[in-house]
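What follows is the residue order along each chain.
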Amino acid sequence: MTTTAKPPPTERPTATPRAKARPGDRIFSRSAQVAGILILIILAGVAAFLVREALPTFSADPSEIDGGEGFFSYVWPLVFGTLAAAVIALIVATPLALGIALFISHYAPRRLAQGLGYIVDLLAAIPSVVFGLWGIQWLAPQVQPAWSWLADNLGFIPLFTGPASATGRTMMTAGLVLAVMILPIITAISREVFLQTPTLHEEAALALGATRWEMIRVAVIPFGRPGIISGIMLGLGRALGETMAVAMVLSTGGFTWSMVTSGNNTIAAEIALDFPESSGLKTNTLIAAGLVLFAITLAVNMFARWIVSRRSEFSGAN
Amino acid sequence: MSKRIDVGDLNVYYGSFLAVEGVSMAIEARSVTAFIGPSGCGKSTFIRTLNRMHEVIPGARVEGKVMLDGEDLYGANVDPVTVRRQVGMVFQRPNPFPTMSIRDNVLAGMKLNSNRLRKSEADDIVERSLKGANLWNEVKDRLDKPGSGLSGGQQQRLCIARAIAVQPEVLLMDEPCSALDPISTLAIEDLIGELKQNYTIVIVTHNMQQAARVSDRTAFFNIAGTGKPGKLIEMDDTTKIFTNPSVKATEDYVSGRFG
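All residue numbers refer to positions counted from 1 along the written sequence of the respective chain. Labels are handed out in written order, letters beginning with A for the chains and numbers beginning with 1 for the ligands. pLDDT decides what is reported in this predicted model: residues at 70 or higher carry local features, side-chain atom pairs at 80 or more are listed and counted, and totals for whole chains, interfaces and linings draw on all residues regardless.

Going by an unreviewed UniProt entry, chain B carries the name Phosphate ABC transporter ATP-binding protein and comes from Jiangella aurantiaca.

As named in an unreviewed UniProt entry, chain A is Phosphate transport system permease protein, taken from Jiangella aurantiaca. UniProt positions are given in the numbering used here, feature names are shortened, and annotations may be inferred rather than shown by experiment. Under the UniProt heading Function (unreviewed entry), the entry covering chain A gives this text: "Part of the binding-protein-dependent transport system for phosphate; probably responsible for the translocation of the substrate across the membrane." You can read under Subcellular location (unreviewed entry) in the UniProt record for chain A the words "Cell membrane".

1. What about the overall build of chain B?
Helices and strands together make up the secondary structure of chain B, namely 10 helices and 10 strands. Computed over C-alpha atoms, the radius of gyration of chain B comes to 18 Å, within 12% of the 18 Å expected from 2.2 N^0.38 for 259 residues, which places it in the range of a compact globule. Taking the principal axes of its C-alpha atoms as reference, chain B extends roughly 55 × 45 × 30 Å. Here contacts are defined at the residue level, using C-beta atoms placed from the backbone and a cut-off of 7 Å between them. The long-range fraction of contacts in chain B, counting pairs at least 24 apart against all pairs at least 6 apart in sequence, stands at 69%. Working definition: helices are DSSP H or I runs of at least four residues, strands are E runs of at least two. Numbering for both runs from the N terminus. In this treatment the radius of gyration is a C-alpha quantity, and the globule benchmark scales as 2.2 Å times the residue count to the 0.38 power.

2. Observations concerning the interface of chain A and chain B
Taken together, the contact pairs 20 residues of chain A with 23 residues of chain B. With six residues, the top contributor of residues to the side of chain A that touches chain B is helix α7 (residues 199-207) of chain A.

3. Some thoughts on the nonpolar core
Here, a nonpolar core means buried Ala, Val, Leu, Ile, Met, Phe, Trp, Tyr and Cys residues linked by C-beta atoms lying within 7 Å of one another. Neighbour density around each residue's C-beta defines its exposure: 20 or more other C-beta atoms within 10 Å make it buried, 12 or fewer make it exposed, and counts between make it partly exposed, where C-beta atoms are placed from the backbone. Core analysis: the biggest nonpolar cluster contains 155 residues, and Ala89, Leu178 and Ile182 of chain A together with Leu171 of chain B have the highest contact counts within it. In contact with Leu178 of chain A, other than residues within four places in its own chain, are Ala85, Ala86, Ala89, Ala239, Glu242 and Ala245 of chain A.

4. Focus on the UniProt feature "transmembrane region" (unreviewed entry) in chain A
Residue and element names in this part refer to chain A. The UniProt feature table records "transmembrane region" (unreviewed entry) at residues 32-51, 71-104, 116-140, 146-164, 176-195, 215-236, 243-260 and 286-308. Between the C-alpha atoms that bound residues 116-140 there is a distance of 26 Å. The span itself is 84% helix and 0% strand. Its end C-alpha atoms 20 Å apart, residues 243-260 is made of 33% helix and 0% strand.

5. Observations regarding the UniProt feature "domain: ABC transmembrane type-1" (unreviewed entry) in chain A
As annotated by UniProt and renumbered to match this structure, "domain: ABC transmembrane type-1" (unreviewed entry) occupies residues 79-304 of chain A. Taken end to end, residues 79-304 of chain A has its terminal C-alpha atoms 19 Å apart, with 76% of it in helix and 0% in strand.

6. Points about the pairing of strand β6 (residues 87-90) of chain B
All names here are of chain B. Along β6, one buried face is formed by Val87 and Met89 and the opposite face, lined by Gly88 and Val90, is buried too. The sheet contact formed by β6 and strand β7 (residues 170-174) spans four bridges and is parallel. Within β7, the residue paired with Val87 across the bridge is Val170. Pairing between strands is defined by DSSP: at least two bridges between the two strands are required.

7. Examining helix α8 (residues 212-241) of chain A
Taking 1.5 Å of rise per residue, the 30 residues of α8 of chain A would be expected to cover 44 Å, yet its terminal C-alpha atoms sit only 38 Å apart, more than 12% below that figure. The term bend refers to the angle at a residue between two fitted axes, each drawn through seven residues, those ending there and those starting there. By the largest-angle criterion, Arg225 of chain A marks the main kink of α8 of chain A, which is about 55°, and a proline, Pro226 of chain A, follows within four residues. In a helix, the anticipated span is given by 1.5 Å times the number of residues less one.

8. What about the packing of helix α3 (residues 71-107) of chain A against α8 of chain A?
Residue and element names in this part refer to chain A. Packing of α3 against α8 leaves a shortest axis separation of 9 Å and a crossing angle of 145°. α8 is crossed by α3, and the crossing has right-handed handedness. In this structure, α3 contributes Thr82, Ala85, Ala86, Ala89, Leu90, Ala93, Thr94, Leu98, Leu102 and His106 to the contact, and α8 contributes Arg212, Ile216, Val220, Ile228, Ile232, Gly235, Leu236, Ala239 and Leu240. Among the residues making up the contact of α3 with α8, the classes are represented as 14 nonpolar, four polar and one charged. Angles shown run from 0 to 180 degrees and are taken between the N-to-C directions of axes, each axis being a line fitted to C-alpha atoms and, for helices, limited to the stretch in contact. In a left-handed crossing the near helix is turned counterclockwise from the far helix by less than a right angle, and in a right-handed crossing that turn is clockwise. Here the nonpolar group is Ala, Val, Leu, Ile, Met, Phe, Trp, Tyr, Cys and Pro; Asp, Glu, Lys and Arg are the charged ones; every other residue, Gly included, is treated as polar.

9. A look at unusual backbone geometry
The phi dihedral of Asp9 of chain B falls on the positive side, at around 45°, and the residue is not glycine. For Asp9 of chain B, a count of 11 C-beta atoms within 10 Å translates into the label exposed.

10. Observations regarding the sheet that holds strand β4 (residues 60-68) of chain B
Residues and elements named next belong to chain B. Spatially, β5-β4-β1-β2-β10-β9-β3-β8-β7-β6 is the arrangement adopted by the 10 strands of the open sheet, whose pairing is mixed. Edge positions in the sheet fall to β5 (71-72) and β6, since each has one partner strand and no second. Bridging between strand β3 (residues 32-36) and strand β9 (residues 217-223) involves four bridges; their strand directions are parallel. For Phe35, the partnering residue across the bridge sits in β9 and is Ala219.

11. Thoughts on the environment of Arg157 of chain B
Residue and element names in this part refer to chain B. Structurally, the position occupied by Arg157 is in helix α6 (residues 152-165). Residue Arg157 is classed as buried on the basis of its C-beta count, with 28 C-beta atoms lying within 10 Å. In this structure, Arg157 is in contact with Ala133, Asn134, Leu135, Ala187, Ile188 and Leu191, ignoring residues within four places of it in sequence.

12. Comments concerning the packing of helix α2 (residues 23-59) of chain A against helix α11 (residues 281-310) of chain A
Residue and element names in this part refer to chain A. Interaxial distance between α2 and α11 falls to 7 Å at its minimum, and their mutual angle equals 125°. Relative to α11, the element α2 lies oblique. Considering the relative orientation of α2 and α11, their crossing is left-handed. Residues Leu50, Val51, Glu53, Ala54, Pro56 and Thr57 of α2 lie in contact with α11, whose contacting residues are Leu281, Asn284, Thr285, Ile287, Ala288, Gly290, Leu291 and Phe294. Its residues assigned to classes, the contact of α2 with α11 comprises nine nonpolar, four polar and one charged. Orientation is classified from the angle alone, with under 35 degrees giving roughly parallel, over 145 giving roughly antiparallel, 65 to 115 giving roughly perpendicular, and any other angle giving oblique.

This is the structure we're talking about:
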């Protein structure tokens, strides 16, 4: 087996017959390759820029950094604020988005479903400045009483320590605005995967005597799980990076555990608010904060990939 | 277990389109009844009305009666969900739940019916159902592996195990072997022979040798032309249908002269 099949060494090119390279194939494969590499170059370029510009912050004397106690104590309240706003947004938006997606894909009459789908997609077309205006002018006064109630009745929980902000421009309100902003993306992706559930699996569940909800639980949601997670992660990505709405709605300030008073800030909003008037080391500090945000988003995405791949054996792809 | 079905003058509509017209038949308990006929003649549509699975398609409805041991499946207070728990179904293409293990697939129906199952009870059901589907020896060491990793024939037997786990009265099979190779087909046919001791079985098939091999009674459906409703032409003992049918169209079909 090892000796007989050995081809003469001189005839190597003919040993593997290759398909004739056609110009169309070559152009397509090259342009796909270029596009793929371009993504990596851009990503690397952004990362390199962030690292280079952020470096002075790390070597500077801690007393020169904003706050006077070094970069870490400057950035961690911002990281906390960023994560807190995003988590509030996800907690509110995820169940709502999955409910809307299921209603559109499996409950609503076909014509209503289509109209509703368009309306949800329209939400994504609203500029974030407009969401910001809406948050300040309309939402904040509306929800302020609810935050006062939380502060009065659940004030013993650190997250709801009073006194509640009288304007309603708090982390909770910012989280709600973010929730509305990420709602369309989670809804759209979940709806698409729910619609793709194979009829075969739905019928398998129904034929076993499943009610509509049981059919959804047994066939639709497990099938759509990777898609749901991707949708949530895309929403989370937007919530983490959203600048304008938070900068407008939130009455920023120093760190506080309470989500119902003014205070806290997110990385993105901090950069947007402070960058125009910054110079020297302050600029480097803000860019370093941007680097931290970049790292957080990267980690979130890798975590999501890992969740999706963890049970790929059971995904139905095989 | 196992009940008889009596169908009385059944019409099936998709919206305003009459798909199957005027079917009356008696399906005996603990026997295998085969439906044969050319494509589009309404066999699959009709078999789905026996457990109300046709209602999944928007606009589908029936007129007439389907009695399961004297109980009307289309009575005013009858929930299709309860009907389907009594009348199980196996589909053309094997459809185990891809996100579930072999064990969970078998238990899927049980988990819908009764929310709490003790582990020992569940183990018994899994073993009994898989043995009933002649699959136990092949999968007993990998019950926690995904059902979608099995071969097509094994997947189809897993689907049968899933259907019999809830101990239905009737088992409907809509072309269960059409996506399988001959060896897997033989395994399913053997299984049908064993299952009929406990269940009423109705099978739709395009394979006339299969109908002749597995069934006790055979019903021949035909269609007069495109857009016309399908009709039950003749129903009789399988040996009679394949040797000496009373209608000319049946003889033409089973002898391969058309269809």
